[in-house]
Amino acid sequence: MNVVIGRTMDRRSFLRNVNMAAVSLAAGGGFLGCLKRPVGAAIAAGALQVNLPETACHLPRVRVSAEREIRTVVGLRPFRPSGFRVAKEMVGETAVVHNYGHGGGGITLSWGTSKLAVELGLPGHVGPVAVLGSGAVGLATARLVQEAGFQVTIYAKALPPETTSNIAGGQWFPASVYDPDKILTPEFSQQFVAAAQYGYRRYQIMTDPKYGIRWMRNYFVSDAPWRSSINTGLFGSLQGLLPEVQDLPSGAHPFVGRFVRQFDGMIVEPPIYLPAMLTDVRIAGGKIVVREMKSLTDVQGLPERLVFNCTGLGSKALFGDEEMTPIRGQLTFLVPQPEVTYATSYENTYMFSRRDGVLLGGTHEMGDWNLQPDMTTKASILAKQAKLFDGMRDC
Ligand SMILES: Cc1cc2nc3c(=O)[nH]c(=O)nc-3n(C[C@H](O)[C@H](O)[C@H](O)COP(=O)(O)OP(=O)(O)OC[C@H]3O[C@@H](n4cnc5c(N)ncnc54)[C@H](O)[C@@H]3O)c2cc1C
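What counts as what
- Numbers given for residues are sequential positions, taken from 1 along each chain in its written order.
- Residues qualify for local features only when their pLDDT is at least 70, as the model is predicted, and side-chain atom pairs are given and counted only at 80 or more; totals for whole chains, interfaces and linings, by contrast, use all residues.
- Here the side-chain values reflect all heavy atoms present in the structure, with hydrogen atoms and water set aside.
- A run of H or I in DSSP becomes a helix once it reaches four residues, and a run of E becomes a strand once it reaches two; helices and strands are each numbered from the N terminus.
- Throughout, a residue-residue contact means that at least one pair of heavy atoms, one from each residue, lies within 4.5 Å.
- Only the contacting stretch of a helix is used when fitting its axis, a line to C-alpha atoms as for every element, and angles between N-to-C directions run 0 to 180 degrees.
- Our angle categories are set so that under 35 degrees counts as roughly parallel, over 145 as roughly antiparallel, 65 to 115 as roughly perpendicular, and the remainder as oblique.
- For any pair of crossing helices, the crossing counts as left-handed if the nearer helix is rotated counterclockwise from the farther one by less than a right angle, and right-handed if it is rotated clockwise.
- Any Phe, Tyr or Trp ring, taking Trp's six-membered ring, that has another such ring centre within 6.5 Å forms a pair; planes under 30 degrees apart are called stacked, those over 60 apart edge-to-face, and the others tilted.
- When accessible area is computed with a 1.4 Å probe and restricted to protein chains, residues below 20% of their type maximum are described as buried, those above 50% as exposed, and intermediate ones as partly exposed.
- Two conditions define a charge sitting above a ring: the NZ of Lys or the CZ of Arg must be within 6 Å of the ring centre, and it must be within 35 degrees of the ring normal.
- The salt bridge definition used is simple: a Lys or Arg side-chain nitrogen within 4 Å of an Asp or Glu carboxyl oxygen.

Q: Would you mind showing me how to read the side chain of R80 here?
A: Mapped onto the elements of the fold, R80 is located in the loop between β1 (69-79) and β2 (85-91). Setting aside anything within four residues of it in sequence, one finds R80 in contact with R85, Y100, G101, V177, Y178, D321, E323 and M324.

Next comes the structure, spelled out in structure tokens:
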């Protein structure tokens with residue numbers, strides 16, 4: 001699988017097109033074929049929430065207005081231009097396996113990079129294991145370590161809901177994971193594909209209300225025809241992982257006068273998923289200690305001789321990784337609309353309908369550490385989304 005992804009794109013267009021990128025992601029896999037069976041095999045088996053619409057013609061409209069806002073939040077994607085870091089090093093007598101720097105794809109890739117990390121750290125190890133961090137990455141790592149039969153203690157400065165992982169939209173898609181202007185190392189390219197593959201499969205076996213994970217239909221909408229085919233770039237390179245994508249003919253969708261690309265994917269709702277993961281860690285005997293590691297001396301002082309570092313942006317200070325930089329993202333939530341089960345992307349903003357609200361977002365501000373919501377950004381997101389949904393007509 002080729003992962004020389006988007007090297008020709010400059011950074012600005014990459015960030016600008018992150019949402020667009022998701023469109024082309026889907027390809028070939030026959031998933032829609034499966035969906036033509038009533039999505040319902042799974043529903044009958046257990047109350048899986050699938051709710052994929054038969055056609056795009058009669059989609060319930062999202063009611064976008066400032067009066068419907070219930071909260072606006074900001075998060076900092078832990079971005080590393082050369083991509084996430086999964087690597088082992090010795091810090092004195094302690095083996096540290098790094099697993100951080102997932103940018104805008106940390107929910108998506110958490111299981112996959114954690115799988116790579118445990119394969120690097122566990123062979124030959126005897127005794128208990130420490131995991132630093134309790135976001136999506138730390139929790140997936142802790143579960144995999146437990147599944148391999150080891151005792152785990154998580155040490156974290158903050159637990160859910162106070163992590164960046166709680167802010168994530170939760171769409172399964174490895175977006176903004178590295179700088180496409182950088183020449184990726186072959187090692188990273190391999191890790192990226194392996195992590196995406198494992199993560200995709202792992203989430204599929206967790207599509208359950210208990211974890212807040214479900215299949216979701218995505219409509220990417222554009223005022224202009226799509227510039228790239230669904231078989232090129234990042235998305236082309238991930239083809240084997242993603243469901244069938246199709247460009248809907250005009251008349252087969254409600255976004256009058258616009259161009260629509262449809263695909264099916266998963267959404268992982270962090271406010272449900274992260275507590276469920278914490279519970280799983282505890283049920284399997286894991287301990288959780290709220291503690292900040294202030295220095296490498298703190299890390300070396302832990303009783304465990306094997307430590308997985310899943311501290312996200314915290315790795316910049318703790319392990320001196322100067323590459324780490326935030327990509328700020330802002331989300332506005334509207335009153336939940338349970339009848340809306342799909343997602344859209346339009347003009348570099350997106351909408352995901354979740355149980356805790358209709359999420360509108362998609363902003364990417366590189367190097368910005370500001371956690372305060374910005375009113376101009378909010379107004380701009382709302383205006384773009386209102387333009388999209390106000391223009392909807394049944395077909
Ligand atoms: C607006 C927005 C939307 C996003 N949407 C998506 C999406 O749709 N799909 C997707 O896949 N990803 C998305 N992301 C990206 C995703 O949120 C991150 O990649 C992911 O949360 C990173 O997980 P993590 O576990 O590495 O970091 P975090 O969630 O930040 O967890 C880090 C943990 O380490 C702890 N820690 C830090 N420093 C220390 C220390 N010194 N000592 C002890 N503990 C420490 C923290 O307290 C925390 O427990 C989005 C992000 C944002 C901001």
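Q: I keep staring at the packing of helix α5 (residues 106-121) against helix α6 (residues 136-147) and nothing clicks. Help me out?
A: The relative placement of two packed helices comes down to the angle between their axes together with the axis-to-axis distance. Contact geometry of α5 with α6 gives a least axis separation of 8 Å together with a crossing angle of 40°. Between α5 and α6, the angle is such that the two are oblique. α6 is crossed by α5, and the crossing has right-handed handedness. Touching G106, I107, S110, W111, T113, S114, K115 and V118 of α5 are A136, V137, A140, T141, R143, L144 and V145, all from α6.

Q: So what exactly am I meant to see when it comes to the packing of aromatic side chains here?
A: Aromatic ring pairs: the centre-centre distance and the angle between the two ring planes describe each pair. Evaluated as defined, the whole model comprises 11 aromatic pairs. Taken together, a centroid distance of 5.6 Å and an interplanar angle of 85° make the contact between Y178 and F192 edge-to-face. With Y178 in the loop between α7 (164-167) and α8 (186-204) and F192 in helix α8, this residue pair connects regions lying 14 residues apart in the sequence. With a relative accessible area of 3%, Y178 lands in the buried category. Overall, F192 belongs to the buried group, its relative accessible area being 0%. Seen from their ring centres, Y350 and F352 are 4.4 Å apart, and the 10° between their planes marks the pair as stacked. Assigned by exposure class, Y350 and F352 land together as buried. An aromatic cluster of three or more residues is present, and its members are F84, Y178, F188 and F192. The cationic tip of R71 hangs over the ring face of F333; the distance from NZ or CZ to the ring centre is 3.9 Å. Its guanidinium or amino end placed over the ring of W111, R202 lies 4.0 Å from that ring's centre, counting from NZ or CZ.

Q: Is there a simple way to think about the pattern of salt bridges in this case?
A: Should their charged atoms come close, side chains of opposite charge can pair. Under the counting rule described, the total for this entry stands at 14 salt bridges. E69 is the partner of K378 in a salt bridge, and the nearest nitrogen-oxygen pair spans 2.6 Å. Of this pair, K378 sits in helix α13 (residues 375-390) while E69 sits in strand β1, and the two are 309 residues apart along the sequence. Judged by relative accessible area, which is 15%, K378 ranks as buried. Notably, a salt bridge pairs D247 with R261, separated by 2.5 Å at the nearest N-O pair. Of this pair, D247 sits in strand β7 (residues 245-248) while R261 sits in strand β8 (residues 259-268); the two residues are 14 residues apart in sequence, bridging distant segments of the chain. Given a relative accessible area of 41%, D247 falls into the partly exposed group. A relative accessible area of 3% means that R261 is categorised as buried. Among the ionic contacts, a cluster of salt bridges with common partners joins R71, R354 and D356.

Q: Please explain unusual backbone geometry as it appears in this structure.
A: Trans is the prevailing form of peptide bonds, just as negative phi is the prevailing case for residues other than glycine. In this structure, P161 follows P160 across a cis peptide bond, with omega equal to 15°. Along the chain, P161 turns up in the loop between β5 (152-156) and α7. The backbone phi angle of S176 is positive, close to 50°, even though this residue is not glycine. Within the fold, S176 resides in the loop between α7 and α8.

Shape descriptors only; they carry no functional weight alone.
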